[in-house]
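Spelled out, the chains give:
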Amino acid sequence: MYYSAKYFDGKSSRSHEVELGNFPAEKSLSFRFDGRSYSWRLDQCEFELVHKTLTISEVNLDAQLIVTHPELIKSLNTVRHKSPVSNLYDSLVEAGRAVHIGLLIFILGIILSINFLVLPAIAERSVFLIPESYDKVIGDAFFDQFIEEEAINYEQTELAQSFLDELEIEERRYFNVSVIESDQVNAFALPNGEMVIYTGIIAKMESYEELAALLAHETAHITNRHSIKMLCRNLASYLFISTVFSDVNSIMSVIADNANQLQSLSFSRELEHEADEDGIQMMINNQIDPKGMAKMFSRLNSEAEAYIPQFLSSHPVTDERIAFAKRRAEELEQEFSEQIRLKELFDQLKRTE
Amino acid sequence: MELVNYKEQLEFKGKGGEYFGIVVVNWLLTLVTLGFYYPWAKAKQLKYLYGETSLRNDPFAFHGTGKEMFVGFIKAIVVFGLLYGLFFLFIYLGMPSIAILVLYAGLIAILPIAIHGSYRYRMSRTSWRGIRFGYRGNRVEFTKKFFKWVFFTIITFGFYGAWFAINVRNYVLSNIRFGNLKVQYKGNGGDFFVMNLIGYLLSIVTFGIYSFWWQKNLFAYYVDNLSVEDGERKIKLKSLATGGDFFALLIVNMLIIVFTFGLGYAWVVCRTMHFIFNKIELTGDIDLNRISQTEDKFTDATGEDIGDFLDLDLII
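Note that the structure is predicted; figures quoted are calculated from it, not measured.

1. Some details on the overall build of chain B
Here's step 1: Within chain B, the regular secondary structure consists of eleven helices and ten strands.
Here's step 2: When burial is assessed residue by residue, chain B has 51% of its 316 residues classed as buried.
Here's step 3: Surface exposure of chain B reaches about 15,600 Å², of which carbon and sulfur atoms provide 68%.

2. What about the sheet that holds strand S10 (residues 280–284) of chain B?
Backbone hydrogen bonds hold the strands of a sheet together, and the pairing may be parallel or antiparallel.
Residues and elements named next belong to chain B.
Here's step 1: Spatial ordering of the closed barrel is given by S1-S2-S3-S4-S5-S6-S7-S8-S9-S10, a layout of ten strands whose pairing is antiparallel. Each strand axis lies, on average, 25 degrees off the axis of its neighbour in the sheet, ignoring direction.
Here's step 2: Here strand S3 (residues 58–62) runs beside strand S4 (residues 126–128); their pairing, made up of three bridges, is antiparallel. Across the sheet, the residue bridging to Phe60 is Trp128, located in S4.
Here's step 3: Strands in contact with helix H6 (residues 161–174) are strand S5 (131–135), strand S6 (176–178), strand S7 (181–185) and strand S8 (226–230); relative to S7, the strand with the most contacts, it is inclined by about 175 degrees.

3. Description of a nonpolar patch on the surface
Here's step 1: Together, Leu34(B), Phe36(B), Ile74(B), Ile77(B), Val78(B) and Leu82(B) make up a nonpolar patch on the protein surface, roughly 610 Å² of accessible area in all.
Here's step 2: Mapped onto the elements of the fold, Ile74(B) is located in helix H3 (residues 66–92).

4. Structural notes on the sheet that holds strand S9 (residues 187–189) of chain A
Residues and elements named next belong to chain A.
Here's step 1: A sheet is described by the order of its strands in space; here three strands give the open sequence S8-S10-S9, paired in mixed fashion. Two strands bound the open sheet, and with one partner strand each, they are strand S8 (176–180) and S9. Ignoring strand direction, the axes of neighbouring strands in this sheet form an average angle of 15 degrees.
Here's step 2: Sheet analysis places S9 next to strand S10 (residues 194–198), joined by three bridges and oriented antiparallel. Of the residues in S10, the one forming a bridge with Ala189 is Met195.
Here's step 3: Docked against the sheet, helix H8 (residues 208–223) engages S8, S9 and S10, running at close to 145 degrees with respect to S10.

5. A closer look at the interface of chain B and chain A
Here's step 1: Tallying the contact residues gives 41 residues for chain B and 30 residues for chain A.
Here's step 2: For the chain B and chain A pair, buried surface summed over both sides reaches about 3,000 Å², with 66% attributable to carbon and sulfur atoms.
Here's step 3: Taken as a group, Leu28(B), Leu31(B) and Arg129(B) account for 18% of the area that chain B buries against chain A, more than any other trio of residues on that side.
Here's step 4: Measuring nitrogen to oxygen at the nearest pair gives 3.0 Å for the salt bridge that ties Glu48(A) to Lys47(B).
Here's step 5: For the pair chain B and chain A, the interface holds eleven residue pairs in polar contact (both at pLDDT 80 or more).

The rules behind each value
- One numbering rule holds for all chains: residues counted from 1, following each sequence as written.
- To read the labels, note that chains go from A and ligands from 1, taken in the order they are written.
- Restriction of local features to residues with pLDDT of at least 70 applies here, the model being predicted, together with a cutoff of 80 or more for giving and counting side-chain atom pairs; totals for whole chains, interfaces and linings are based on all residues.
- Remark: hydrogens and water are excluded; side-chain values derive from all non-hydrogen atoms of the structure.
- The way it works is that DSSP assigns letters per residue, a run of H or I at least four long becomes a helix, a run of E at least two long becomes a strand, and they are numbered from the N terminus.
- Three exposure classes are used, based on accessible area relative to the maximum for each residue type with a 1.4 Å probe and protein chains only: buried under 20%, partly exposed in between, and exposed over 50%.
- Methods summary: accessible areas were calculated by the Shrake-Rupley approach with a probe of 1.4 Å, and residue burial reflects only the protein chains presented.
- Pairing between strands is defined by DSSP: at least two bridges between them are needed.
- Only the stretch in contact is used when a helix axis is fitted, and all axes are lines through C-alpha atoms; the angle between N-to-C directions ranges over 0 to 180 degrees.
- By definition, residues are in contact when any of their heavy atoms lie within 4.5 Å.
- Residues enter patches when their relative accessible area tops 30% and they take part in no salt bridge; the joining distance is 9 Å for like charges and 5 Å for the nonpolar side chains Val, Leu, Ile, Met, Phe, Trp and Tyr.
- Any Lys or Arg side-chain nitrogen located within 4 Å of an Asp or Glu carboxyl oxygen qualifies as a salt bridge.
- In short, buried area is how much 1.4 Å probe accessible area vanishes from two parts on joining, totalled over both.
- A 3.5 Å cut-off defines polar contacts: any pair of N or O atoms within that distance qualifies, except that in protein one atom must be a possible hydrogen donor and the other a possible acceptor, and neighbouring residues in sequence count only when both atoms are side-chain atoms.

Everything listed is a geometric property; what it means functionally is a separate question.
Following this line, the structure appears as structure tokens:
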């Protein structure tokens, strides 16, 4: 049995037709060219199959044979696939559209589940690797830049700070609060212990318990290092996605982006829950009625029907969270006496509006 | 023997569906090997794209292997690791401006070496009818020139950029050999600058519609200045693409990418390859049966992979 093939001698680009002969015991390829007989040992050959064309190169020569005969290509398959891996590769590539689409769905499934299930957990747990001094560096950098462009309400800041100082917080870290002149219904906490409250959110509050709830909630975000956790999480996710889609360049820009948007960094549902729980505990420790938490949330939530206050976009309040705050307060069956000093400070705060 | 001028065309026969099969299997293997399969994946993809490109019915071939490129890949990781290591070291030491300076200086210093290495490797592993391509640029000479052009570009606030791009192209492409044939690129920074200036202004005025004709001019500028020489004999390349052709190509490519969320990538690559080769006409009198082997084999793939990290696309 003879198969026709193209032969290139590796010296010039001239194409020659040759007849490939039976290869004894599948050990070699033989052909005649220019009056001479050639025999290439198959273990000295490299094979390259692209689509339906097989290129055979003799490693010691520059010469090549190009074969298109399907039968010959098939009969060389066993020689070509030195390892089962390369065999598997070819069968997967040739497996057809349905298999490929199946593979694609499988790949996407893996990517998505790593991104949404595995990574966040790892990222949040690896927060302890980042020294706490980093919280201060990143918070300071943001705060200095932020505060420069905002109008501080000094009178309210002083009263809010006194209010905060009255609260017992189980953490040595120093907490600072600033009140910013703005209609935005917003407040946020920075990892360095700085809290920013907008006059807009104070205007919406009707009792000192609500302010205490807001501060308790925000301090819980700080003490639990939620901002840093979210930074790690977003970064991990971005690192992963951009590595998968090989887009290394934009990784740096995400670090910068996230650091610039500390105030609108959206916390995950679990982190919000943790902050609510710790906040409520802190209120109880301070003899403040934790119903304030639920009250503050429902007030913000009812406002949300008309427009979404900024506070909600970064701290999404769900009915679930309101229900949780209510339930926790009711479970207590504890009477809370009025905190006269806090009430006084809150009333003063309201009078300055 | 006197040869009459002939017209010739490169042909790309690849199909999106076939290429998709390769791409998907590569994605899978790259994912399960945590990225280490990448060089092998790249080799497979290049082999397909080269193998489906043919001249006079004989395919081009890419002989690079995953193993060669893996070594290059590791070297590239080390180079970038060192560079980013230095960057973060200076950040840690509280010297962010020095950190940024070091990073950019490092990246600029790597660029010419990456371009050189990438061409040297890629060309030496490319062949047609058993005749190898080759790159004869000199690394030291190219690096010196490159820095000079970078310097001019910086002191002219970027205006020299057009000359910079064309100088690189002139140098690199004119150092390509295909057997005993010599590739020539003769571009001019001034022409390129004017073309881009007009293209930019008209694109703004026409709300982007002109950009397809700008693209057509760029393509023609890249192709028409390219030729292959063998002493007195020559093959000239000529672009046949029109602005309308580019409009159709790019709009459909964009629609495919958008509506398949990027998964139609394989089809876009094949359509584009098909378009490019279909729109280039070769005219000349070089005897394609008498090209002789002149270039050495070369197997260091470091430049190739540094090029990937920097997102450098080969300039052909």
